[in-house]
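Architecture at a glance
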Amino acid sequence: MVRKFAAMHKYLEGLNEQQMAAVLHMDGPLMIVAGAGSGKTKVLTSRIAHLINSGVDAFNILALTFTNKAAAEMKERVEHALGNTEARNLYIGTFHSVFARILRADANKLGYPNNFTIYDTDDAKSIIKETVKSLNLDDKHYKPAYIYNRISAAKNALVGYAAYKQDMQIQQEDSRSNRPLMGDIYEAYAKKCFKNGAMDFDDLLFNMYVLLTHFPDALAKYQGRFRYILIDEYQDTNVAQYAIMKMLAARNENICVVGDDAQSIYSFRGATVQNILQFQNDYEDAAVIKLEQNYRSTRTILEVANSIIGNNKNQIPKNLWTDKTEGDKILLARTATDNDEGRFVADAIKEQMMRNHYANKDFAVLYRTNAQSRSFEESLRRMNIPYKLVGGTSFYQRKEIKDYLAYLRVVVNSQDEENIKRIINYPTRGIGKTTIERIIVRADELNTTFWEVIANPEIDGLRSSQTNAFVTMIQSFRTMLEKQNAYEVAFAVGKHTGLVKELYDDKSVEGVARYENVQELLNSIKEFTETPDEEGELQDKSLGSYLQQITLLTDADQDKEEDANAVKLMTIHAAKGLEFPCVFAVGLEENLFPSAMSMYDRNDLEEERRLFYVAVTRAKERLWITYANSRYRFGSLVQNEPSRFIKEVPASYIDTTYTGIGNKGPIGGNTRGGGLFGEQSFDKVPSLKKLADKLAAPKPSTHTPTADFAADDTTDLQVGMQVEHQKFGFGKVLTLEGGTQNRIAAIDFGTHGVKKIMLNFAKLRIVK
DNA sequence: GAGGTGCCTTTTTTT
DNA sequence: AAGGCACCTC
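Residues numbered from 1 in each chain as written. Chains lettered and ligands numbered in written order. Predicted model: local features only at pLDDT ≥ 70, side-chain atom pairs only at ≥ 80, totals over all residues. Heavy atoms only, no water.

The name that an unreviewed UniProt entry assigns to chain A is DNA 3'-5' helicase, with the source organism given as Nemorincola caseinilytica. The Sequence similarities (unreviewed entry) field of the UniProt record for chain A holds the comment "Belongs to the helicase family. UvrD subfamily." (UniProt positions renumbered as here; feature names shortened; annotations may be inferred.)

Okay, structure coming up:
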């Protein structure tokens, strides 16, 4: 039977028994528990291909992925597996983008304009901040970030503001945290967004739920359309997402979820592993298939991963195994500072490329927080190793882009007070703060919108030649909307507002970059309008349609040169679902990883550990774990203990000779505090680059001191200072040790190496 | 109303 | 280290 299928369909080739069962299972609820690297994506794509091949219309299949990128990839792979274009009719996307698309058709049922604006996190926080101020509350105490998270959590649990204010438990929590007016802020914020004709990310889920519960015809329509539903990364879904999917699937119960509780790393976004248990309760006849063979990593890496995750109490038992070879041991490296960590990684990459013939793209550096990227960027740049930063500050978060998009959003949806305020005086046209405030007050008095006050001739007293000019301009763009596509409108906006010219005239380095960014934005809009229509479905090329998508895109999705031969730098969160031959898991320090915020709660700590597990399981062949004794945080140097997770790596799997740490102290047990030890040991094995440098350019035997060289008093010498030595030249103080009478400094003199200098005797000039 | 200066906070992770 | 914001002066 199986063999027959295998002979018939290419997409069934090479599947193991469990994978095959998951692919061939067609009707009824199915849960696939897929361990890391167990061929999950292959199973999902084969399954979709099989459904289509068995006669299911692609139009009736809904697949929800975690990122747009994953969606695009899945579509492509199904297409490839089938060898025809049927896959193009699949409804694949993230929860947010799929729901946004649906709401774009039905938002008016809920009282929103159909081309509602989508607010990103920054937009939302700034509205919250305003709201807090308008309620005369202190935004130092009612911090926008905190409020945003709290509201987000509520919406993701399907708790609206009315329910929020009535919920005893929630009210207690808020009074305990001394924020009794949280509920009022939630209400005011929600009303403001509604009035602006805007939804934040969480509203896309919340309103989708409202739509399906309040409008039976809508529910029936989508239940009829989505007869087969697949959910990827199921462990990262939240209550709202689950409730929606359950409703959509209620008619046919052809719902297939794929997830791994060990990789659940988004609880801060409301995701709950509870959904995995809930699924089995709600669908008692659900088939459950476990994929436990790992095809990705060496046995060493997999064993390490298993033993790390074994420290978690809460988990679904599984036995991830591999028949791969043992592979190399894990390399553990300690460095003195974050900069040294950067240098160490760049050196190791160079060395691996020469020794084992890896390409740039075979490496990934994975960190806990985006802020850690800097030292790696610097060291890679210095060594001319191409790298690509994945994620981080989004293109769409840049000021010039937000300004431009604000114009476009106002043209499409003029209810949006937030974006009007952003642009009404940019470029400056003499409409200041006072005027804006008066308009807001007036709009409140008349219970109308900001736009109505300035656009409606019947409301007198506030319009001026300036506001009139603004209104006329926006209206002229709006008349273009019907006949012209997104690019034509956007181009006109840039031209007539003076936005493009203003940036063009700014010839500073940043100004040029901003101008280029805006050009890039225009290019992306052009590309959007020129992308050919998909078979069967005429694509909407309007500006409204463009804006709908843009907010839900992330940089990772935008990545056109993902195959570019470059080292990838990203957070572990961003690395989910990816794999690399060589992985550096960096910054394994207490307070950083695990994060300081997670240390006092068992669940949070277990999530951090799962995150570490995700990092380790990205590696196919080689894995490095690094940490620094001290690093800069908020501009000042802090000391960190090695992460507790390091101790969870069995010592037998660790290669310590490379860094020289092993025999001199317990793994991860460096309590000496000083950085000398790490620095020295790191220098013992010079990288090939350093070696090459030494051979190529014999160092000058002496340094010619600066003309006015004079030794300074070194009593106040601090780590990090730049000094000049008569013989060794310029250097940087790495560490200081010894008592006040007999201090010894370790100073990095670049080509002259790291020298220990006794400060009592040495003549040093302090450069800065 | 515009523009500049200095102080303050910030970093978890993302749709 | 850097960006945002309040406050200041013109």
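**What to know about the protein's contact with DNA strand C**
Taken together, Lys129, Lys133, Phe634 and Gly635 make up the full set of residues near DNA strand C. In this structure, a phosphate oxygen belonging to DNA strand C sits 2.9 Å away from a side-chain N or O atom of Lys133. Take Phe634: an N or O atom from its main chain is 3.4 Å from a base nitrogen of DNA strand C. Looking at the surface near DNA strand C, its residues break down into 1 nonpolar, 1 polar and 2 charged. (Near = heavy atom within 4 Å. Polar contact = N/O pair within 3.5 Å; in protein donor to acceptor, adjacent residues only side chain to side chain. Nonpolar A, V, L, I, M, F, W, Y, C, P; charged D, E, K, R; others polar.)

**Here's the deal with the packing of helix H18 (residues 399-412) against helix H25 (residues 509-530)**
One way to put it is that H18 packs onto H25 with a least axis distance of 9 Å and a crossing angle of 45°. Considering the angle they form, H18 stands oblique to H25. When the axes of H18 and H25 are compared, the crossing they make is right-handed. Contacts from Glu400, Ile401, Tyr404, Leu405 and Leu408 of H18 reach H25 at Arg514, Asn517, Val518, Leu521, Leu522 and Ile525. Taken together, the residues of the contact of H18 with H25 sort by class into 8 nonpolar, 1 polar and 2 charged. (Axes fitted to C-alpha atoms, helices over the stretch in contact; angles between N-to-C directions. Helix = DSSP H or I, 4+ residues; strand = E, 2+ residues; numbered from the N terminus. Parallel < 35°, antiparallel > 145°, perpendicular 65-115°, else oblique. Left-handed = near helix turned anticlockwise from the far one by under 90°. Contact = heavy atoms within 4.5 Å.)

**Looking at the pairing of strand E13 (residues 580-585)**
Within E13, 6 of the 6 residues are buried, which leaves it mostly tucked inside the rest of the structure. Pairing of strand E10 (residues 363-367) with E13 involves 4 bridges; the strand directions are parallel. Its bridge partner being in E13, Ala364 is matched across the sheet by Val583. Here 5 bridges tie E13 to strand E14 (residues 619-633), and the two strands are oriented parallel to one another. Bridging across to E14, Ala585 finds its partner in Ile625. (Buried < 20%, exposed > 50% of the residue type's maximum accessible area, 1.4 Å probe, protein only. Pairing = 2+ DSSP bridges.)

**Examining the side chain of Lys576**
By the secondary structure assignment, Lys576 is in the loop between helix H28 (572-575) and E13. Relative accessible area serves as the criterion here: at 10%, Lys576 is assigned to the buried category. The contact partners of Lys576, leaving out residues within four places of it in the chain, are Phe66, Glu233, Gln235, Asp236, Gln263, Ile265, Tyr266, Val614 and Arg618.

**Section: the pairing of strand E9 (residues 330-337)**
Burial of E9 is extensive: 8 of the 8 residues sit out of reach of the surface. Note: E9 against strand E16 (residues 654-655), 2 bridges, orientation parallel. Paired with Ile330 across the two strands is Ile654, which belongs to E16.

**Things to note about the sheet that holds strand E6 (residues 228-231)**
Pairing is parallel in the open sheet, where 6 strands are placed in the order E3-E2-E6-E7-E1-E8. This sheet does not close on itself; its edge strands, each paired only once, are strand E3 (91-94) and strand E8 (287-291). Across this sheet, the average inter-strand angle for adjacent strands is 15°, counted without regard to direction. Where E6 lies against strand E7 (residues 255-259), 3 bridges are found, and the strand directions are parallel. Bridging from a neighbouring strand, Ile231 pairs with Val257 of E7. Here helix H2 (residues 17-24) sits on the sheet in contact with strand E1 (30-34) and E8, set at roughly 145° to E8.

**Considerations on the environment of Lys507**
Examined against the element boundaries, Lys507 turns out to sit in the loop between helix H24 (499-505) and H25. Residue Lys507 is classed as exposed on the basis of its relative accessible area, which comes to 56%. Once the C-alpha coordinates of Lys507 and Val616 are considered, the two residues, 109 residues apart in sequence, prove to be 45 Å apart.

**Some details on a nonpolar patch on the surface**
Taken together, Tyr632, Leu637 and Val719 make up a surface patch of nonpolar side chains, about 230 Å² in accessible area. Position of Tyr632 among the secondary structure elements: in strand E14. (Patch = residues over 30% accessible without salt bridge, like charges linked within 9 Å, V, L, I, M, F, W, Y side chains within 5 Å. Areas by Shrake-Rupley, 256 points an atom, 1.4 Å probe, with all protein chains shown as cover. Salt bridge = Lys/Arg side-chain N within 4 Å of Asp/Glu carboxyl O.)

**Some points on H18**
Along its 14 residues, H18 runs 20 Å from first to last C-alpha, staying within 8% of the 20 Å computed at 1.5 Å per residue. Of all 14 residues making up H18, 13 are buried, and the element is well covered by its neighbours. (Expected span 1.5 Å × (residues − 1).)

**A closer look at the confidence of the model for chain A**
Residues at a pLDDT of 70 or more form 85% of chain A, whose mean pLDDT is 84. Confidence drops under a pLDDT of 50 for residues 1-7, and excluding neighbours within four residues, the segment shows 6 contacts in the predicted structure. Confidence drops under a pLDDT of 50 for residues 660-702, and excluding neighbours within four residues, the segment shows 61 contacts in the predicted structure. (pLDDT = per-residue confidence, 0-100.)

**Considerations on the side chain of Ser97**
Summarising the element assignment, Ser97 is placed in helix H5 (residues 95-106). What makes Ser97 buried here is its relative accessible area of 19%. Apart from the residues within four sequence positions on either side, Ser97 is in contact with Asn68 and Leu552.

**Structural notes on the packing of aromatic side chains**
The tally for this structure, following the rule as stated, stands at 21 aromatic pairs. Where Phe66 meets Tyr266, the ring centres are 4.7 Å apart and the plane angle is 50°; that geometry is what we call tilted. Residue Phe66 is found in the loop between strand E2 (61-65) and helix H4 (68-82), and its partner Tyr266 is found in the loop between E7 and helix H14 (274-282); the two are separated by 200 residues along the sequence. A relative accessible area of 9% means that Tyr266 is categorised as buried. Consider the rings of Phe528 and Tyr546, whose centres lie 5.2 Å apart with planes at 65°: the pair is edge-to-face. In this pair, Phe528 sits in helix H25 while Tyr546 sits in helix H26 (residues 543-550), placing the two residues 18 residues apart along the sequence. Note on accessibility: Phe528 and Tyr546 belong to one class, buried. (Phe/Tyr/Trp six-rings, centres within 6.5 Å; stacked < 30°, edge-to-face > 60°.)

**Let's talk about the environment of His25**
Take His25: it is sitting in the loop between H2 and E1. Judged by relative accessible area, His25 falls into the buried class, the value being 18%. Beyond its immediate sequence surroundings of up to four residues, His25 is in contact with Leu30, Arg47 and Ala287. Within polar-contact distance, the side chain of His25 engages the backbone oxygen of Asp27 at 3.4 Å.

**Remarks on the packing of helix H15 (residues 299-309) against helix H29 (residues 602-616)**
H29 packs onto H15 with a crossing angle of 175° between their chain directions and a minimal axis gap of 9 Å. Judged on the interaxial angle alone, H29 and H15 are roughly antiparallel. Residues Ile301, Val304, Ala305, Asn306, Ile308 and Ile309 of H15 form the contact with H29, whose participating residues are Arg609, Arg610, Phe612, Tyr613 and Val616. Looking at side-chain class alone, the contact of H15 with H29 contains 8 nonpolar, 1 polar and 2 charged residues.

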